[in-house]
Amino acid sequence: MSPKQICEQMVGRLHSPDDYLGILDAEDRVLQILPEPEQSRYYIEVPLDAAKASYGRYVDRDELLQLILHLPERLDERSIPGLKYKPW
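Residues numbered from 1 in each chain as written. Predicted model: local features only at pLDDT ≥ 70, side-chain atom pairs only at ≥ 80, totals over all residues. Heavy atoms only, no water.

(A) Spatial organisation of the packing of helix α1 (residues 3-10) against helix α2 (residues 61-69). Contact pair α1 / α2: the axes reach a minimum separation of 8 Å and the direction vectors enclose 145°. Only Leu65, Ile68 and Leu69 of α2 make contact with α1, whose side of the interface consists of Pro3, Lys4, Ile6 and Cys7. Split by residue class, the contact of α1 with α2 holds 6 nonpolar, no polar and 1 charged. (Axes fitted to C-alpha atoms, helices over the stretch in contact; angles between N-to-C directions. Helix = DSSP H or I, 4+ residues; strand = E, 2+ residues; numbered from the N terminus. Contact = heavy atoms within 4.5 Å. Nonpolar A, V, L, I, M, F, W, Y, C, P; charged D, E, K, R; others polar.)

Here it is in structure tokens:
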């Protein structure tokens, strides 16, 4: 799917805390998007299995849409500004 299609077709399906969306880059690294509807925000994170940790932060809907529309080619903890380390 294109970034525009993801914004139009997938983000609107994130209604409950049990929903999530994963976006993969060309090397199968993932950006996970987890909704928190009660707070009108989303938690975005890049999990790193080898480190048993993830890097993430909260964003509002507008930030999320802009992030998706301008996704970096490589999804990692350095490619998305403001991510914070979180051990599992």
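(B) Examining the environment of Lys4 more closely. Residue position: Lys4 is located in helix α1. Among the residues examined, Lys4 registers a relative accessible area of 52% and is labelled exposed. Remark: the alpha-carbon pair of Lys4 and Ile68, spanning 64 residues in sequence, is separated by 7.9 Å. (Buried < 20%, exposed > 50% of the residue type's maximum accessible area, 1.4 Å probe, protein only.)

(C) Representation of the sheet that holds strand β4 (residues 53-59). Spatial ordering of the open sheet is given by β1-β2-β3-β4-β5, a layout of 5 strands whose pairing is antiparallel. In this open sheet, the two strands that pair with only one neighbour each are β1 (21-24) and β5 (84-87). Taken pair by pair, the neighbouring strands of this sheet meet at an average axis angle of 30°, ignoring direction. Packing against the sheet, α2 makes contact with β1, β2 (30-36), β3 (41-48) and β4, and its axis sits at approximately 125° to β4. (Pairing = 2+ DSSP bridges.)

(D) The arrangement of the pairing of β4 in detail. Bridging between β3 and β4 involves 7 bridges; their strand directions are antiparallel. From the neighbouring strand, Glu45 faces β4, where its bridge partner is Gly56. Counting the residues between successive antiparallel strands, the hairpin from β3 to β4 contains 4 residues, one of them, Lys52, with a positive phi of roughly 50°. Where β4 and β5 come together, 4 bridges link them in antiparallel fashion. Opposite Ser54, over in β5, you have Lys86 as the bridge partner.

(E) How the structure looks around the pattern of salt bridges. Evaluated as defined, the whole model comprises 9 salt bridges. Linking Glu8 and Lys4 is a salt bridge whose minimum nitrogen-to-oxygen distance equals 3.7 Å. Of this pair, Glu8 and Lys4 both sit in helix α1, 4 residues apart, which is roughly one turn of that helix. A salt bridge links Glu27 to Arg74; its shortest N-O distance comes to 3.7 Å. One end of the pair, Glu27, is in the loop between β1 and β2; the other, Arg74, is in the loop between α2 and β5, and 47 residues separate them in sequence. Among the residues examined, Glu27 registers a relative accessible area of 56% and is labelled exposed. Here Arg74 falls in the partly exposed class, since its relative accessible area comes to 39%. Bridged by salt links that share partners, the residues Asp25, Glu27, Arg29, Arg74, Asp76, Glu77 and Arg78 form one connected network. (Salt bridge = Lys/Arg side-chain N within 4 Å of Asp/Glu carboxyl O.)

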